[in-house]
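# Summary of structural features
These are the residues of each chain, in order.
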Amino acid sequence: MARYSKNLRPCLERLKPYVAGKGIGEIASKYGLPPGEIVKLGSNENPRGPSPRVFEAIGSVRPERYPEPEGLIEALADYAGSASENVLIGAGMDGVMDTITRLFLDPGDRTAIYTPTFSYYEILTVTGGAEPIFIPRGENFEVPTEVPAGVKIIFICSPNNPTGDLISEEDLRTIVETTDGIVFLDEAYAEFSDQNFLPMVGEYENLVVGRTTSKAFGLAGMRLGYAVAPDWIAREYRRAAPPFFGVTTPSVAAGIAALGDLEYMRRSVAAIRQERDRLRKAIPEFRPSGGNFLYLETEEPSGRVAEEMLRRGVIVRDCFSFRGAGDHAVRVTVGTPGENDRFLEAYGEVCGSP
């Protein structure tokens, strides 16, 4: 191996693998629990799943055929209120961001990342040969509006993962208007808030707003993300994107079907928001959130809290893997009423009655 490993890029030594939420199979095996009794609240999935139309659409797919994404792009443009030429698609929002960083980052460039936040921004930066500048969020996790000079890309997540806070329109405009860099606004969880910055893309030449079908639409397993970008970025994106934008024939069919049933999505979002409010009333220590999850600072080390919850068959996310979050915070996905009851019961046993 040593003979060939010298060909690896040195930047990889700076990276830690992305830490995903634990899976049901993993926990069932480790703790000897029946898989059907495990509640998964660690990955910010939509427990209500997608529209029934999605299953019908996937069932009619011919997997031997390459995807034809034009209909999906048109449906996304209609939903986003954008021209189809400005809609970019990819294998999850991760895939969209991967292509965006390929457009702009060279070795020696810099990006701005407001911590704690989604760790994939750091991975994209480092694998692009660039240097991430980590800027701590404020006391209430607000985003500082002063951007370091010479930054190529500014990554902002709103609602922010894992804390759930929202950037204000005033602060976002200040950042966009005072930097020469590209602002990538990650709105993966926007449908669970009252915020929508997609229309702002038409006002600025350096703002890209990313979205996903993984959360509100319940299509996490389809890996289908999108963004709205200015004309000049969209043109370059199509030049650098992988064949068929990295999407699959089933994901295209699922996306079109889900977008054709917005009423189902909106009912799903409303139910999750209602449960989110119920959880916050039960545990006032939860921070306000614009996502389908809640962030909680714990008295005990978060690793111990998460471990004890796992022993009771409830998966939550220990936020220690999020740079800047420390070791006393957990993130809890909002589940179904039954799942949330299980969480509250387990939390009461581990941390005291809510």
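The sections below set out a description of the structure shown in this document. (Residues numbered from 1 in each chain as written. Predicted model: local features only at pLDDT ≥ 70, side-chain atom pairs only at ≥ 80, totals over all residues. Heavy atoms only, no water.)

Let us now look at the sheet that holds strand 4 (residues 131-136). Read across the sheet, seven strands follow the order 2-8-7-6-5-3-4 without closing on themselves; strand pairing throughout is mixed. On the outer flanks of this sheet lie strand 2 (87-91) and strand 4, each paired with one strand and no other. Each strand of the sheet is rotated relative to its neighbour by a mean of 25°, with strand direction disregarded. On top of the sheet, helix 4 (residues 70-80) reaches strand 2, strand 7 (207-212) and strand 8 (224-228); it is set at about 120° to strand 2, its chief contact. Against the sheet, helix 8 (residues 231-240) makes contact with strand 2, strand 6 (182-186) and strand 7, and its axis sits at roughly 35° relative to strand 2, the strand it touches most. (Pairing = 2+ DSSP bridges. Helix = DSSP H or I, 4+ residues; strand = E, 2+ residues; numbered from the N terminus. Axes fitted to C-alpha atoms, helices over the stretch in contact; angles between N-to-C directions. Contact = heavy atoms within 4.5 Å.)

Going through the model one piece at a time under the given rule, you end up with 11 aromatic pairs. The interplanar angle of 80° and the centroid separation of 6.0 Å between the aromatic rings of Phe104 and Trp232 together place this pair among those described as edge-to-face. Of this pair, Phe104 sits in helix 5 (residues 92-104) while Trp232 is found in helix 8, placing the two residues 128 residues apart along the sequence. The buried category is assigned to Phe104, whose relative accessible area is 15%. (Phe/Tyr/Trp six-rings, centres within 6.5 Å; stacked < 30°, edge-to-face > 60°. Buried < 20%, exposed > 50% of the residue type's maximum accessible area, 1.4 Å probe, protein only.)

Before going further, it helps to spend a moment on the sheet that holds strand 11 (residues 317-318). Read across the open sheet, the three strands follow the order 9-12-11; overall the sheet is antiparallel. This sheet does not close on itself; its edge strands, each paired only once, are strand 9 (293-297) and strand 11. Where strand 11 lies against strand 12 (residues 329-333), two bridges are found, and the strand directions are antiparallel. Looking at the pairing, Arg317 lines up with Arg331 of strand 12.

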